[in-house]
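These are the residues of each chain, in order.
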Amino acid sequence: MKKAIFPGSFDPLTLGHYDIIKRGVKLFDEVTVAIGVNAAKKYMFSLQERIEFIEQAFANEPKVKVVSYKGLTVDFCKKINTKFILRGLRNPADFEFEKAIAHTNRDLAPIETVFLLTAAKTSYIASSIVRDVIRNNGDYTKLVPKSVRIKNT
Ligand code: ADP
């Protein structure tokens, strides 16, 4: 079985992530969306909320799993016996950043990173922009799947 993990913060899940995961399940038998937990980082959404947003968005897609992990992504890959890391690319800045991480990961473990180019219509979407829109009371709903909603709104 060909398995991949799609690691990130998903604070929150966006239509950009959603597109990459949807296309990832066409390439792999299983895609584990892996939420990296960094104790030093402040998140807008709790881990539980971020997990629920993804689980609900893919409720009808049994090939998508959601987990959280701490530590190095390659160590987590070994732990769950996964040989591929899935990542999305939006622009040259993403490429440079991702290249350094992918090379480092290859030094650490025999794990391949597979890149999918963002869909044109979601190429401008980033979780940080969604958080900014939310903080400023803008309509964030066009940028995220339906499962991503702020409580009491
Ligand atoms: P980070 O790892 O910086 O917390 P995210 O959680 O936002 O990043 O993203 C996880 C993965 O999703 C990364 O590979 C990132 O490039 C990708 N990604 C984020 N937004 C988009 C988008 N709009 N289109 C395609 N890929 C995206």
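For the structure given in this document, a descriptive report is provided here. Counting restarts for each chain: residues are numbered from 1 in the order of the written sequence. A pLDDT threshold of at least 70 governs which residues receive local features in this predicted model, and a stricter bar of 80 or more applies before side-chain atom pairs are shown or counted, although totals over entire chains, interfaces and linings include all residues. As a rule here, side-chain values come from all non-hydrogen atoms in the structure, and water together with hydrogens is ignored.

Here we look at the pattern of salt bridges
No. 1: What counts as a salt bridge is simple: a side-chain nitrogen of Lys or Arg found within 4 Å of a carboxyl oxygen of Asp or Glu. Evaluated as defined, the whole model comprises 10 salt bridges.
No. 2: For Glu49, the salt bridge identified is with Lys151, shortest N-O distance 3.6 Å. Highlighted residues: Glu49 in helix α2 (residues 47-57) and Lys151 in the segment after α5 (127-135), separated in sequence by 102 residues.
No. 3: What makes Lys151 exposed here is its relative accessible area of 59%.
No. 4: The closest approach of N and O atoms between Asp94 and Arg90, which form a salt bridge, is 2.8 Å.
No. 5: Remark: exposure states derive from per-residue accessible area (1.4 Å probe, protein chains only) relative to the maximum for the residue type, with buried under 20%, exposed over 50%, and partly exposed in between. Among the residues examined, Arg90 registers a relative accessible area of 37% and is labelled partly exposed. Only DSSP runs of H or I with at least four residues qualify as helices, and only runs of E with at least two residues qualify as strands; both kinds are numbered from the N terminus onward.

Details of the site of the ligand
No. 1: Throughout this document, a residue counts as near a molecule or strand when at least one of its heavy atoms sits within 4 Å of that molecule or strand. If you check the shell around the ligand, you find 17 residues, and the closest are Ser9, Gly88, Thr118, Thr122 and Ile125.
No. 2: Under this definition, polar contacts are N or O atom pairs within 3.5 Å; protein pairs additionally need one hydrogen-donor-capable and one acceptor-capable atom, and for neighbouring residues in sequence, both atoms have to be side-chain atoms. A distance of 3.1 Å separates an oxygen atom of the ligand from a polar atom in the side chain of His17.
No. 3: When the ligand sits alone it has 550 Å² of accessible area, and the protein chains cover 86% of it.
No. 4: Within the residue set of the shell around the ligand, elements represented by two or more residues are β1 (3-8), α1 (15-27), β4 (84-89) and α4 (92-108).
No. 5: When the residues that make up the shell around the ligand are grouped by side-chain class, the tally is five nonpolar, eight polar and four charged. Residue-level accessible areas treat just the shown protein chains as cover; the underlying method is Shrake-Rupley with a 1.4 Å probe. The nonpolar class holds Ala, Val, Leu, Ile, Met, Phe, Trp, Tyr, Cys and Pro. Asp, Glu, Lys and Arg form the charged class, and all remaining residues, Gly among them, are polar.

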